[in-house]
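Topology and contacts: notes
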Amino acid sequence: MEAPPVAWSQYDECFALPGEKGFAIYNTEPLRELCRRNIGGVSLVAMMFRTNVLALVGGGRAPIDARNKVLIWDDAAQRITASLEMVVPVLAIAFRRDRLVVATMTSVFVYAFPSLELLNTLETSDNPFGLLAVCPAADCGLVAFPARQTGHVVIYDTSGKRALTDIPAHKHAVRALALSVTGHLLASASASGTLVRVYDTKSHTLLYTFRRGIMATAIHCLRFNHDASYLCASSDRTIHVFDCRLTHDARAAGVVALPASSQAAAVAAAALAASRPRRSPSPSPKPWPNRKRLCSLSRRQRNPRPLVAVARRSGAAHVENWPYRRRRRWRRGSAALQTHRCS
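These figures come from a predicted structure and were not determined experimentally. (Residues numbered from 1 in each chain as written. Predicted model: local features only at pLDDT ≥ 70, side-chain atom pairs only at ≥ 80, totals over all residues. Heavy atoms only, no water.)

**Some points on unusual backbone geometry**
We count it as follows: A helix here means a DSSP run of H or I that spans at least four residues, while a strand means a run of E at least two residues long, and both kinds are numbered starting from the N terminus.
In this chain, Glu29 is followed by Pro30 through a cis amide linkage whose omega measures 0°. Along the chain, Pro30 falls in the loop between β3 (23-27) and β4 (32-37). Residues Phe113 and Pro114 are joined by a peptide bond in cis, for which omega reads 15°. Structurally, the position occupied by Pro114 is in the loop between β11 (107-112) and β12 (118-123). One non-glycine residue, Asp12, adopts positive backbone phi at about 60°. By secondary structure assignment, the location of Asp12 is in the loop between β1 (7-8) and β2 (14-18). If you check the backbone angles, Ala228 has positive phi at about 60° while not being a glycine. Looking at the element boundaries, Ala228 is found in the loop between β21 (221-224) and β22 (230-234).

Encoded structure:
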(Lines give C-alpha, C1' and ligand atoms only; values in the text may rest on other atoms or scores of the structure.)
Protein backbone atom coordinates (compact mmCIF):
# COMPACT_ATOMS: atom_id res chain seq x y z
CA MET A 1 0.00 0.00 0.00
CA GLU A 2 1.32 3.44 -0.94
CA ALA A 3 2.13 5.63 2.04
CA PRO A 4 -0.18 8.65 2.52
CA PRO A 5 1.00 12.01 3.92
CA VAL A 6 1.40 12.64 7.61
CA ALA A 7 -1.88 13.99 9.00
CA TRP A 8 -1.29 17.21 10.97
CA SER A 9 -3.72 18.91 13.28
CA GLN A 10 -4.85 22.31 11.97
CA TYR A 11 -2.24 24.21 14.01
CA ASP A 12 0.45 21.51 14.02
CA GLU A 13 0.26 20.81 17.74
CA CYS A 14 0.23 17.08 16.97
CA PHE A 15 0.15 14.70 14.02
CA ALA A 16 -1.22 11.27 13.19
CA LEU A 17 0.43 8.42 11.29
CA PRO A 18 -1.77 5.76 9.66
CA GLY A 19 -0.47 2.23 9.34
CA GLU A 20 -1.18 -1.42 8.60
CA LYS A 21 -2.58 -2.04 12.09
CA GLY A 22 -4.27 1.29 12.79
CA PHE A 23 -2.95 4.75 13.60
CA ALA A 24 -0.75 6.54 16.12
CA ILE A 25 -0.86 10.18 17.31
CA TYR A 26 2.26 12.12 18.32
CA ASN A 27 2.79 15.40 20.11
CA THR A 28 5.14 17.75 18.23
CA GLU A 29 6.90 19.49 21.12
CA PRO A 30 8.16 17.58 22.91
CA LEU A 31 8.02 14.78 20.37
CA ARG A 32 6.30 11.85 22.05
CA GLU A 33 3.62 9.32 21.30
CA LEU A 34 0.21 10.22 22.71
CA CYS A 35 -1.76 7.14 21.75
CA ARG A 36 -1.85 4.16 19.41
CA ARG A 37 -4.97 2.36 18.20
CA ASN A 38 -4.76 -1.08 16.60
CA ILE A 39 -8.17 -1.15 14.95
CA GLY A 40 -7.28 -2.39 11.45
CA GLY A 41 -5.42 -1.02 8.45
CA VAL A 42 -5.80 2.75 7.88
CA SER A 43 -4.64 4.55 4.74
CA LEU A 44 -5.90 8.08 5.50
CA VAL A 45 -6.53 9.92 8.74
CA ALA A 46 -7.66 13.50 9.41
CA MET A 47 -7.57 15.24 12.79
CA MET A 48 -10.14 17.78 13.95
CA PHE A 49 -7.82 20.18 15.76
CA ARG A 50 -6.72 18.63 19.08
CA THR A 51 -9.99 16.86 19.82
CA ASN A 52 -11.05 13.25 20.12
CA VAL A 53 -12.69 13.30 16.67
CA LEU A 54 -10.87 11.82 13.67
CA ALA A 55 -11.84 10.76 10.16
CA LEU A 56 -10.42 7.47 8.88
CA VAL A 57 -10.24 5.59 5.59
CA GLY A 58 -9.33 1.92 5.55
CA GLY A 59 -6.37 0.41 3.71
CA GLY A 60 -3.65 -2.21 3.82
CA ARG A 61 -3.84 -5.99 3.91
CA ALA A 62 -6.40 -6.03 6.75
CA PRO A 63 -8.32 -2.74 6.41
CA ILE A 64 -10.72 -1.44 8.99
CA ASP A 65 -13.19 -0.87 6.15
CA ALA A 66 -13.37 -0.31 2.39
CA ARG A 67 -11.43 2.48 0.69
CA ASN A 68 -14.65 4.17 -0.42
CA LYS A 69 -15.87 4.77 3.15
CA VAL A 70 -15.06 7.64 5.51
CA LEU A 71 -15.34 6.61 9.16
CA ILE A 72 -15.83 9.13 11.98
CA TRP A 73 -13.84 7.88 14.97
CA ASP A 74 -14.47 9.04 18.55
CA ASP A 75 -11.22 8.33 20.35
CA ALA A 76 -12.70 9.07 23.77
CA ALA A 77 -15.28 6.32 23.30
CA GLN A 78 -12.90 4.36 21.01
CA ARG A 79 -15.60 3.52 18.50
CA ILE A 80 -16.95 4.53 15.09
CA THR A 81 -19.82 6.99 15.49
CA ALA A 82 -20.74 7.61 11.83
CA SER A 83 -19.68 6.78 8.28
CA LEU A 84 -19.99 8.06 4.73
CA GLU A 85 -19.94 5.82 1.66
CA MET A 86 -18.70 7.02 -1.73
CA VAL A 87 -18.98 5.38 -5.13
CA VAL A 88 -15.21 5.49 -5.72
CA PRO A 89 -12.17 5.33 -3.39
CA VAL A 90 -11.49 8.32 -1.14
CA LEU A 91 -8.17 10.08 -1.82
CA ALA A 92 -8.19 12.90 0.76
CA ILE A 93 -10.15 14.09 3.79
CA ALA A 94 -9.94 17.34 5.76
CA PHE A 95 -11.73 18.88 8.74
CA ARG A 96 -12.91 22.29 9.79
CA ARG A 97 -14.88 22.94 12.97
CA ASP A 98 -18.13 22.86 11.02
CA ARG A 99 -17.21 21.08 7.79
CA LEU A 100 -15.84 17.78 6.52
CA VAL A 101 -14.36 17.84 3.01
CA VAL A 102 -13.75 14.66 1.01
CA ALA A 103 -11.85 14.38 -2.28
CA THR A 104 -12.09 11.57 -4.83
CA MET A 105 -10.58 11.22 -8.30
CA THR A 106 -12.97 13.65 -10.00
CA SER A 107 -15.05 15.28 -7.24
CA VAL A 108 -14.91 17.18 -3.96
CA PHE A 109 -17.75 16.70 -1.44
CA VAL A 110 -18.51 19.23 1.28
CA TYR A 111 -20.44 18.00 4.33
CA ALA A 112 -21.79 19.82 7.36
CA PHE A 113 -20.33 18.55 10.61
CA PRO A 114 -21.43 16.85 12.79
CA SER A 115 -24.72 16.27 10.96
CA LEU A 116 -22.86 14.97 7.83
CA GLU A 117 -25.43 16.60 5.58
CA LEU A 118 -24.14 16.92 1.99
CA LEU A 119 -23.89 20.63 1.20
CA ASN A 120 -22.22 20.64 -2.20
CA THR A 121 -20.57 18.42 -4.81
CA LEU A 122 -17.85 20.05 -6.93
CA GLU A 123 -16.30 18.54 -10.04
CA THR A 124 -12.53 18.57 -10.59
CA SER A 125 -10.09 17.39 -13.21
CA ASP A 126 -8.45 14.02 -12.63
CA ASN A 127 -7.00 14.31 -9.13
CA PRO A 128 -5.00 11.11 -8.50
CA PHE A 129 -3.00 12.70 -5.65
CA GLY A 130 -6.09 13.87 -3.77
CA LEU A 131 -5.04 17.53 -3.79
CA LEU A 132 -7.09 19.44 -1.25
CA ALA A 133 -6.26 22.51 0.88
CA VAL A 134 -8.59 23.66 3.66
CA CYS A 135 -8.26 26.84 5.71
CA PRO A 136 -8.71 26.14 9.46
CA ALA A 137 -9.56 29.72 10.50
CA ALA A 138 -13.02 30.19 11.99
CA ASP A 139 -13.70 33.34 9.94
CA CYS A 140 -12.48 31.92 6.61
CA GLY A 141 -14.01 28.78 5.15
CA LEU A 142 -11.92 28.53 1.98
CA VAL A 143 -11.14 25.25 0.25
CA ALA A 144 -8.77 24.93 -2.74
CA PHE A 145 -8.61 22.07 -5.22
CA PRO A 146 -7.79 21.49 -8.93
CA ALA A 147 -10.32 22.91 -11.38
CA ARG A 148 -11.76 21.03 -14.34
CA GLN A 149 -9.41 22.93 -16.66
CA THR A 150 -5.81 21.73 -16.53
CA GLY A 151 -3.52 23.98 -14.49
CA HIS A 152 -6.35 25.95 -12.90
CA VAL A 153 -7.21 26.05 -9.19
CA VAL A 154 -10.66 26.53 -7.69
CA ILE A 155 -11.17 28.48 -4.45
CA TYR A 156 -14.49 27.65 -2.82
CA ASP A 157 -15.98 29.23 0.29
CA THR A 158 -17.72 26.56 2.37
CA SER A 159 -19.64 29.25 4.27
CA GLY A 160 -21.26 30.48 1.06
CA LYS A 161 -20.10 34.09 1.55
CA ARG A 162 -18.01 34.13 -1.65
CA ALA A 163 -18.62 32.83 -5.14
CA LEU A 164 -16.62 30.03 -6.71
CA THR A 165 -13.31 31.38 -8.04
CA ASP A 166 -11.10 29.92 -10.78
CA ILE A 167 -7.40 30.92 -10.85
CA PRO A 168 -5.28 30.08 -13.94
CA ALA A 169 -2.22 29.11 -11.91
CA HIS A 170 -0.14 26.93 -14.28
CA LYS A 171 0.15 25.58 -17.80
CA HIS A 172 0.64 22.02 -16.58
CA ALA A 173 -1.52 19.99 -14.20
CA VAL A 174 -1.48 21.12 -10.57
CA ARG A 175 0.71 18.90 -8.35
CA ALA A 176 0.61 20.58 -4.90
CA LEU A 177 -1.57 23.09 -3.06
CA ALA A 178 -1.46 24.94 0.26
CA LEU A 179 -3.51 27.63 2.01
CA SER A 180 -2.13 29.86 4.74
CA VAL A 181 -3.65 29.60 8.23
CA THR A 182 -5.70 32.76 7.73
CA GLY A 183 -6.67 31.81 4.17
CA HIS A 184 -5.23 34.96 2.59
CA LEU A 185 -2.54 33.19 0.56
CA LEU A 186 -2.66 30.22 -1.82
CA ALA A 187 0.49 28.40 -2.94
CA SER A 188 0.52 26.05 -5.90
CA ALA A 189 2.99 24.04 -7.95
CA SER A 190 2.54 22.24 -11.25
CA ALA A 191 3.65 18.81 -12.43
CA SER A 192 6.83 20.31 -13.91
CA GLY A 193 7.97 21.33 -10.41
CA THR A 194 10.18 24.23 -11.45
CA LEU A 195 8.06 27.12 -10.14
CA VAL A 196 5.99 27.72 -7.03
CA ARG A 197 3.43 30.51 -7.23
CA VAL A 198 1.67 32.34 -4.39
CA TYR A 199 -1.66 34.12 -4.96
CA ASP A 200 -3.82 36.49 -2.94
CA THR A 201 -7.12 34.67 -2.39
CA LYS A 202 -9.16 37.90 -2.22
CA SER A 203 -7.87 39.77 -5.27
CA HIS A 204 -6.69 36.59 -7.07
CA THR A 205 -3.46 38.36 -8.05
CA LEU A 206 -0.06 36.71 -8.30
CA LEU A 207 2.14 37.86 -5.41
CA TYR A 208 5.26 35.70 -5.69
CA THR A 209 6.93 33.39 -8.18
CA PHE A 210 9.58 31.20 -6.57
CA ARG A 211 11.95 29.18 -8.72
CA ARG A 212 12.64 25.79 -7.19
CA GLY A 213 15.07 24.79 -9.97
CA ILE A 214 15.41 24.27 -13.70
CA MET A 215 15.04 20.49 -13.77
CA ALA A 216 11.55 18.98 -13.76
CA THR A 217 10.67 17.16 -10.54
CA ALA A 218 7.65 16.18 -8.48
CA ILE A 219 6.75 18.53 -5.61
CA HIS A 220 5.04 16.43 -2.95
CA CYS A 221 4.17 19.04 -0.34
CA LEU A 222 3.74 22.80 0.16
CA ARG A 223 3.30 24.37 3.59
CA PHE A 224 3.13 27.88 5.10
CA ASN A 225 4.23 28.67 8.64
CA HIS A 226 1.78 30.29 11.08
CA ASP A 227 2.10 33.88 9.79
CA ALA A 228 2.81 32.95 6.13
CA SER A 229 6.25 34.59 6.24
CA TYR A 230 7.87 31.36 5.00
CA LEU A 231 6.82 28.66 2.58
CA CYS A 232 8.49 25.27 2.34
CA ALA A 233 8.34 22.99 -0.69
CA SER A 234 9.31 19.33 -0.66
CA SER A 235 10.48 17.63 -3.87
CA ASP A 236 12.13 14.31 -4.66
CA ARG A 237 15.52 15.14 -3.14
CA THR A 238 15.33 18.58 -1.55
CA ILE A 239 13.29 20.85 0.69
CA HIS A 240 13.29 24.52 -0.28
CA VAL A 241 12.37 27.31 2.14
CA PHE A 242 11.14 30.52 0.50
CA ASP A 243 10.84 33.97 2.06
CA CYS A 244 7.35 35.44 1.57
CA ARG A 245 8.16 38.85 3.05
CA LEU A 246 9.10 40.79 -0.10
CA THR A 247 7.87 44.35 -0.15
CA HIS A 248 5.18 45.62 -2.48
CA ASP A 249 7.83 47.55 -4.47
CA ALA A 250 9.84 44.39 -5.03
CA ARG A 251 6.76 42.53 -6.24
CA ALA A 252 5.80 45.40 -8.55
CA ALA A 253 9.28 45.31 -10.08
CA GLY A 254 8.77 41.68 -11.05
CA VAL A 255 11.35 40.25 -8.66
CA VAL A 256 11.57 36.47 -8.68
CA ALA A 257 12.14 35.55 -5.04
CA LEU A 258 14.87 33.03 -4.27
CA PRO A 259 15.88 31.63 -0.85
CA ALA A 260 19.45 32.93 -1.16
CA SER A 261 21.62 34.87 1.35
CA SER A 262 18.58 35.63 3.48
CA GLN A 263 17.20 34.32 6.72
CA ALA A 264 15.53 31.54 4.73
CA ALA A 265 18.98 30.28 3.76
CA ALA A 266 20.08 30.41 7.37
CA VAL A 267 16.93 28.57 8.40
CA ALA A 268 17.59 25.86 5.80
CA ALA A 269 21.18 25.55 7.01
CA ALA A 270 19.99 25.23 10.58
CA ALA A 271 17.49 22.58 9.54
CA LEU A 272 20.25 20.63 7.82
CA ALA A 273 22.46 20.79 10.90
CA ALA A 274 19.57 19.79 13.15
CA SER A 275 18.52 16.82 11.02
CA ARG A 276 21.42 14.57 12.02
CA PRO A 277 20.25 11.45 13.87
CA ARG A 278 22.26 12.30 17.00
CA ARG A 279 20.30 15.55 17.35
CA SER A 280 16.92 13.89 17.10
CA PRO A 281 14.86 14.63 20.24
CA SER A 282 13.58 11.06 20.43
CA PRO A 283 13.49 7.86 18.36
CA SER A 284 11.77 8.56 15.04
CA PRO A 285 8.56 6.66 14.32
CA LYS A 286 8.81 4.52 11.16
CA PRO A 287 5.28 3.70 10.08
CA TRP A 288 5.85 3.23 6.35
CA PRO A 289 8.61 2.01 4.03
CA ASN A 290 9.50 4.01 0.90
CA ARG A 291 7.71 7.13 2.07
CA LYS A 292 7.76 10.15 -0.20
CA ARG A 293 9.55 13.21 1.12
CA LEU A 294 7.15 15.50 2.93
CA CYS A 295 7.67 18.66 4.93
CA SER A 296 5.81 21.04 7.19
CA LEU A 297 6.42 24.33 8.99
CA SER A 298 4.93 24.76 12.44
CA ARG A 299 1.82 26.93 12.72
CA ARG A 300 2.01 27.38 16.50
CA GLN A 301 2.10 31.11 17.23
CA ARG A 302 3.32 30.75 20.79
CA ASN A 303 6.37 28.75 19.75
CA PRO A 304 9.30 31.21 19.36
CA ARG A 305 11.36 28.57 17.52
CA PRO A 306 9.32 27.19 14.61
CA LEU A 307 9.34 23.46 14.01
CA VAL A 308 10.09 21.71 10.73
CA ALA A 309 8.89 18.18 10.07
CA VAL A 310 10.52 15.99 7.44
CA ALA A 311 9.39 12.55 6.29
CA ARG A 312 12.22 10.70 4.57
CA ARG A 313 12.20 8.00 1.93
CA SER A 314 13.46 5.55 4.55
CA GLY A 315 10.12 5.91 6.34
CA ALA A 316 11.38 7.98 9.30
CA ALA A 317 9.43 11.06 10.36
CA HIS A 318 11.57 13.76 12.03
CA VAL A 319 10.39 16.85 13.91
CA GLU A 320 13.14 19.40 14.46
CA ASN A 321 13.60 22.95 15.78
CA TRP A 322 14.83 25.79 13.59
CA PRO A 323 16.94 28.00 15.90
CA TYR A 324 16.89 31.67 14.96
CA ARG A 325 20.09 33.57 15.77
CA ARG A 326 20.94 37.23 15.40
CA ARG A 327 24.55 36.39 14.69
CA ARG A 328 25.33 32.92 13.46
CA ARG A 329 28.52 31.03 12.88
CA TRP A 330 28.46 28.29 10.28
CA ARG A 331 31.25 26.37 8.69
CA ARG A 332 32.70 27.80 5.53
CA GLY A 333 30.30 27.56 2.60
CA SER A 334 27.21 26.85 4.64
CA ALA A 335 25.80 30.38 4.27
CA ALA A 336 25.05 29.73 0.60
CA LEU A 337 23.02 26.63 1.36
CA GLN A 338 19.56 26.91 -0.16
CA THR A 339 18.08 23.47 0.30
CA HIS A 340 17.77 20.77 2.92
CA ARG A 341 18.89 17.49 1.34
CA CYS A 342 17.06 14.53 2.81
CA SER A 343 19.06 11.73 1.20
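Structure shown, so let's carry the discussion forward.
**Thoughts on the nonpolar core**
Using the following cut-off: Grouping buried Ala, Val, Leu, Ile, Met, Phe, Trp, Tyr and Cys residues that are joined through side-chain atoms within 4.5 Å yields what is termed a nonpolar core. For every residue, the accessible area (1.4 Å probe, protein chains only) is compared with the maximum for its type, and the residue is labelled buried under 20%, exposed over 50%, or partly exposed between those bounds.
Formed by 20 residues in total, the largest nonpolar core has its most connected members in Val70, Ile93, Phe95, Leu100 and Val102. Within the residue set of this core, elements represented by two or more residues are β5 (42-47), β6 (53-58), β7 (69-74), β9 (92-95), β10 (99-103) and β11. Here this core gets 3 residues from one element, more than from any other, and that element is β6. Within the second largest apolar cluster, 18 residues are counted, among which are Ala178, Phe210, Ile219 and Ala233.

**Here we look at the pattern of salt bridges**
The condition that has to hold: Here, a salt bridge means any side-chain nitrogen of Lys or Arg that lies within 4 Å of a carboxyl oxygen of Asp or Glu.
Under the counting rule described, the total for this entry stands at 8 salt bridges. Residues Glu33 and Arg36 are paired through a salt bridge, measuring 3.0 Å at the closest nitrogen-oxygen approach. The exposure class assigned to Glu33 is partly exposed, which follows from its relative accessible area of 39%. Of the charged contacts, one joins Arg99 and Asp98 as a salt bridge, the two residues approaching to 3.6 Å between their closest N and O atoms. One connected set of salt bridges, linked through shared partners, spans Arg96, Asp98 and Arg99.

**A look at the pairing of β10**
Applied cut-off: A pair of strands counts as paired when DSSP detects no fewer than two bridges linking them.
Across the 5 residues of β10, 5 count as buried, placing the element largely inside the fold. Burial along β10 is two-sided: the residues Arg99, Val101 and Ala103 and Leu100 and Val102 are all buried. With 4 bridges connecting them, β9 and β10 associate as antiparallel partners. Along β10, the bridge assignment pairs Ala92 with Ala103. Where β9 hands over to β10, the hairpin turn is made up of 3 residues, counted between the paired strands. As judged from the 5 bridges shared by β10 and β11, these two strands associate in the antiparallel manner.

**Section: the pairing of strand β15 (residues 152-157)**
β15 sits mainly inside the fold: 6 of its 6 residues count as buried. Here β15 shows no split at all, with His152, Val154 and Tyr156 on one side and Val153, Ile155 and Asp157 on the other all buried. In this sheet, β15 lies alongside strand β14 (residues 142-146) in antiparallel orientation, the contact comprising 5 bridges. Its bridge partner being in β15, Phe145 is matched across the sheet by Val154. The hairpin formed by β14 and β15 contains 5 residues between the paired strands, and Gly151 there has a positive phi angle of roughly 85°. Judged from the 4 bridges that link them, β15 and strand β16 (residues 165-168) form a sheet pairing that is antiparallel. Residue pairing in the sheet places Ile155 in a bridge with Thr165 of β16.

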